[in-house]
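# Structural features, examined
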Amino acid sequence: MASGEGFLTDEQREVLKIASQNAETPLPSPRLSSSPKSPTSLLSDHQLKDPAGGKAPTCGVGVRHVRRSHSGKFVRVKKDGAGGKGTWGKLLDTDRESHIDRKDPNYDSGEEPYQLVGSTISDPLDEYKKAVVSIIEEYFSTSDVELAASDLKDLGSSEFHPYFIKRLVSIAMDRHDKEKEMASVLLSSLYADVISPNQIRDGFVMLLDAADDLAVDILDAVNILALFVARAVVDEILPPAFLTRAKKTLPESSKGYQVLQTAEKSYLSAPHHAELLERRWGGSIHVTVEEMKKKIADLLREYVESGDTFEACRCIRELGVSFFHHEVVKRALVLAMEIQAAELLMLKLLKEAAEEGLISSSQMVKGFARLAESLDDLALDIPSAKTLFQSIVPKAISEGWLDASFTKSSCEDGEGQSEEKRLRRYKEEVVTIIHEYFLSDDIPELIRSLEDLGLPEFNPIFLKKLVTLALDRKNREKEMASVLLSALHIEIFSTEDIVNGFVMLLESAEDTALDILDASTELALFLARAVIDDVLAPLNLDEIASKLSPNCSGSETIRMARSLITARHAGERLLRCWGGGTGWAVEDAKDKIMKLLEEYESGGVVAEACQCIRDLGMPFFNHEVVKKALVMAMEKKNDRMLDLLQVCFDEGLITINQMSKGFTRVKDGLDDLALDIPNAKDKFSFYMEYAQKRGWLLTSFGSSAMEAPPIAPAS
C-alpha cells in the first residue's frame, strides 16, 4: 500500500485505478490543474459507487472535489480545497466569487452584501405646506378668521409658521383686492395669539428673499408686496425698524430691496398714510371700514325700534366679519349711553350674543377696551358717560358675558388710562406731522399742527420722536431736524422742553443703538449742533448730565458732544456736519447763493434768480438767502434785494419761518456788521419795518427784535 493511499478502501483503489487509466483522455473543461500528471488532480466523468452498492451521492463530481470528513463521510468540497463543511478551506480565497451558505455553522450575517431598500420618507415641512394651502383656500372662501386660527393651531408645527405667512401673502398677491385685504386682516388677527412677532418678521423676510421669483409670475409684485409690508407696519405687526434692518441683509439690486424702498417712500412717508393703507383694498369683503360701521349702526338702531333680539343677532351673523365684532360691542354701549330707553335692550343683545358664541370673549373685551379709551371724548357729548360705563362693567362681569380679566383699572384708574390714551394718540399724531415736514419742509405748518394738538406738556416727547426719526434717515432729514429745533425754540418750545427732550433721548440711547448704527455719535452731533444754534447753552449739557445715571451710555454721548464743541473751528464744522442735507458742504451752498445774488444785483431777472434758488434744492437753508440779500443790500446801498425777497415770499419759495430766521441771523451779527457798514443797525431797522408791513415775519419776531440793543449814537 502506498503511503499516499493508506486511507483508501478497496473500492476507492479500484476507482483510482480506472481514473489513472483514463488520465490521457482530454478533459471537457479547458482549465488545467497545477499537476496534470497526478491522478488526484484530474476530473473524471465516472461516478463513485457507494460501498454498500447504493447510488452515487456525488454524481458528476471529479475525484478532486470529494473528500472524507473527520467523521469518515464523503463530502463535496469547493474547488482548490476552499472550504466545505468539515474542511478548513484554502488560505486565501480572493480570486473567485464566494458563496455564502446560511446553513454553515460559521455563517456570519455581516458577510451578506448590502442591499439598499427604498422607503418613502415624510418631510414634516412638506406636509405642513400642503396643509396650510388648504387652510388658506378655505379662509378665502369663508372669511372665517376664527376657523383659520383654530385650524392653524390644530395643525401644530408652530416652528413653521413663517412659511404660512409666506404662502398666505404670495397666494393673496395673485388674487383680487378682496383676498389681499383678507390676508392682511388674518395676519393682524393671528399676531401674538397664534403667530409670534418674531415669526411674523421671519415670514416677511422670506417674502423679501423670494421677491425676485414672485416678480416672474406676478405683475407689479414689488408694489403689491410693498403694500403688504407697509400695511403690516400700520397694523403694528411689524416694527418700523424692520425696514432698516431688512435693507441691510438684501443686495441693493434685488427686488426685495426695491420693495422696502417703495414701502418706505411711497406709502409710509405719505400724509395720512395709515388711513390710505387701511382703505387700499376696500375691506375684507370688498366693503370699506366706514361702510361696515354704517351697517352696524343701522342694524343697532333698527333693533332699538323693533326690540327683536333674534333678528339683530341674525343680522350681526350675516355681516360675516367676526373679527370686527368689537365695533358692534362699542357702538351698542354708546347707544346704551345716548338713549336711556335703549340701555336694557343693548345689554340684553350683548348678553345673548355672548351666550350664543356669536361675539367671542376676546371681541367683547376689545369692544369694552375701545370704549374705555374714548370715554374722555364721549363725555363731551354724554356728560354721564364715565358713570354709566362704570356701572355697566361690573354688571356685565357678574352676568358672565364680559370676562373678569377685563382691565380692572378701567373703573379704578380711569384717569391713568386717559393719560395713557392721550399720550398714545399724541405719538401717533406727531409721527404723521414729522413725516409731512420731511416731505414739505413747511415749518409754519408744522408749528400750527402742534398748536392745534394743544398738548405743550408733551413737547419733550415731540423732540425725542423728531430726532429718533431723523437718526434713521439721510443727512437731509438730520439737517432739517436741527433747523426745526431752532425754529421751535424761537416759537413754542422752552429751553426746559429741549433739555427734557434730550434727557429722554439719552435715557433710551442704548435701545436706539440696537436699531441705528453709531446712534451715540449721531446724538452727540445733535447735542453739539443745538449748542452751536443757541438752542441750548453749554451749561445745559451739565443739567442734562445731572439727570442721567453716571455710567449710562448717554453720559458718554454728552462727553463726546463737549469734545465736538471745544474743537477748533467747531462752529463751522458742526454747521457742515450734515452738509446742508444734500451732501454739499455748507460753504459750497453759501458760495452758490452769493453768486446768484450777485448775478441778480448786476442786472439779472427776478424770475431767473428765483429759479436758481429753487434749483439749489435746499429750502431749509433759504434763511441764508435772506441773510446774504439783506447784507448785500446794506453794502451796496441798493434796496433792489427787497424786491427779490418780496417775490420769493409771494411765490412761497421762502417761507415765513425761513424769512424770520434770516432776519434773526442778521440781527445777531449787527455788531460785527457795524464795523464794516456804519449804518448797519439803521438799515436793519428799516428792513425789519418793511418786512413786518408785508407780513414776511412771524408775529413774535417783532417783540424779539425790539429787544435788540439800542443803536448807539454816533460819536
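A brief report on the enclosed structure follows. Note that this is a predicted model, so its numbers are computed, not measured. (Residues numbered from 1 in each chain as written. Predicted model: local features only at pLDDT ≥ 70, side-chain atom pairs only at ≥ 80, totals over all residues. Heavy atoms only, no water.)

## Digging into the overall build of the protein
Basically, it comes down to this: In DSSP terms, a helix is any run of H or I states spanning at least four residues, a strand is any run of E spanning at least two, and both are numbered starting from the N terminus. Burial classification: accessible surface area is computed with a 1.4 Å probe over protein chains only, and a residue below 20% of its type maximum counts as buried, one above 50% as exposed, and the rest as partly exposed. Residue contacts follow a heavy-atom distance rule, with two residues in contact if any of their heavy atoms lie within 4.5 Å. Where accessible areas are quoted, they stem from the Shrake-Rupley method and a 1.4 Å probe; at the residue level, only the protein chains shown are allowed to cover.
When its secondary structure is counted, the protein shows 37 helices and two strands. The buried share among the 715 residues of the protein stands at 43%. At a minimum sequence separation of 6, the contacts of the protein that also span at least 24 residues come to 70%. As displayed, the protein has an accessible area near 38600 Å², and 51% of this comes from carbon and sulfur atoms.

## Some remarks on the side chain of asparagine 622
Examined against the element boundaries, asparagine 622 turns out to sit in helix H32 (residues 622-636). Of the residues examined, asparagine 622 reaches a relative accessible area of 3% and is grouped as buried. With sequence-adjacent residues up to four places away left out, asparagine 622 is seen in contact with Ile613, Leu653, Ile654 and Gln658.

## Considerations on the side chain of asparagine 223
By secondary structure assignment, the location of asparagine 223 is in helix H8 (residues 221-234). Beyond its immediate chain neighbours, meaning those up to four positions away, asparagine 223 contacts Thr262, Tyr267 and Arg280.

## Some words on the packing of helix H22 (residues 459-471) against helix H26 (residues 519-532)
Selection rule: Only the stretch in contact is used when a helix axis is fitted, and all axes are lines through C-alpha atoms; the angle between N-to-C directions ranges over 0 to 180 degrees. By definition in this entry, angles of less than 35 degrees are roughly parallel, angles greater than 145 are roughly antiparallel, angles of 65 to 115 are roughly perpendicular, and the rest are oblique. Take the far helix as your reference; a near helix turned counterclockwise from it by less than a right angle gives a left-handed crossing, and one turned clockwise gives a right-handed crossing. Each residue receives one of three labels: charged for Asp, Glu, Lys and Arg, nonpolar for Ala, Val, Leu, Ile, Met, Phe, Trp, Tyr, Cys and Pro, and polar for the others, Gly being one of them.
Orientation of H22 relative to H26, taken along the N-to-C sense of each, is 130°, at an axis distance of 11 Å. Considering their axes alone, H22 and H26 lie oblique with respect to each other. As for the relative orientation of H22 and H26, their crossing is right-handed in sense. When H22 is examined against H26, the residues Val467, Ala470 and Leu471 are found in contact with a partner set consisting of Glu522, Leu523 and Phe526. Tallied by class, the residues present in the contact of H22 with H26 amount to five nonpolar, no polar and one charged.

## Notes on the nonpolar core
We count it as follows: Buried residues of nine kinds, namely Ala, Val, Leu, Ile, Met, Phe, Trp, Tyr and Cys, make up a nonpolar core once their side-chain atoms join them within 4.5 Å.
Within the largest apolar cluster, 60 residues are counted, with the highest numbers of intra-cluster contacts made by Leu152, Phe164, Met173, Phe204, Leu225 and Phe228. At 12 residues, the largest contribution of residues to this core is made by H8. Apart from residues lying up to four places away in sequence, phenylalanine 228 is in contact with Val169, Ala172, Met173, Lys180, Ala183, Ser184, Phe204 and Trp281. Counting residues in hydrophobic clusters, the runner-up holds 54 residues, among them Ile433, Ile447, Ala470 and Ala528.

## As for the state of the cysteines
When the sulfur atoms of two cysteines share a covalent bond, that bond is a disulfide. Selection criterion: The disulfide criterion used throughout: a pair of cysteine sulfur atoms within 2.5 Å.
Counting across every chain of the model gives zero disulfides. Unpaired in terms of disulfides, cysteine 313 finds its nearest cysteine sulfur in cysteine 315, a separation of 9.4 Å. Looking at cysteine 313, the relative accessible area reads 2%, which means it is buried. Sulfur of cysteine 648: no disulfide; nearest cysteine sulfur belongs to cysteine 610 and is 3.8 Å away.

## Let's talk about the pattern of salt bridges
Rules: Basic side-chain nitrogens of Lys or Arg form a salt bridge, by our definition, when they fall within 4 Å of a carboxyl oxygen of Asp or Glu.
In this structure the tally under the stated criterion is 23 salt bridges. Each member of the salt-bridge network shares a partner with another, and the members are Glu181, Arg231 and Asp235.

## Notes on the packing of helix H2 (residues 124-142) against helix H3 (residues 145-155)
Running from N to C, H2 and H3 point in directions that differ by 170°, and their axes come no closer than 9 Å. Looking at the two axes, H2 sits roughly antiparallel to H3. Contacts from Tyr128, Ala131, Val132, Ile135, Glu138 and Tyr139 of H2 reach H3 at Val145, Leu147, Ala148, Asp151, Leu152 and Leu155. Of the residues that constitute the contact of H2 with H3, the class distribution is 10 nonpolar, no polar and two charged.

## Re helix H13 (residues 309-319)
Applied cut-off: The arc in question is the one traced by the directions running from the helix axis out to the C-beta atoms. In protein, a polar contact means a hydrogen-donor-capable atom and an acceptor-capable atom, both N or O and within 3.5 Å, with residues adjacent in sequence counting only if both atoms are side-chain atoms; elsewhere, any N or O pair within 3.5 Å suffices.
By the burial criterion, the buried members of H13 are Thr309, Ala312, Cys313, Cys315, Ile316 and Leu319. Buried residues of H13, viewed axially, fall in a sector of 160°; they line one side. Opposite the buried face of H13, by more than 90 degrees, sit the exposed residues Phe310 and Glu318. N-capping of H13 is provided by aspartate 308, with a side-chain oxygen placed 3.2 Å from the backbone N of phenylalanine 310.

Any link to function would need more than the numbers given here.
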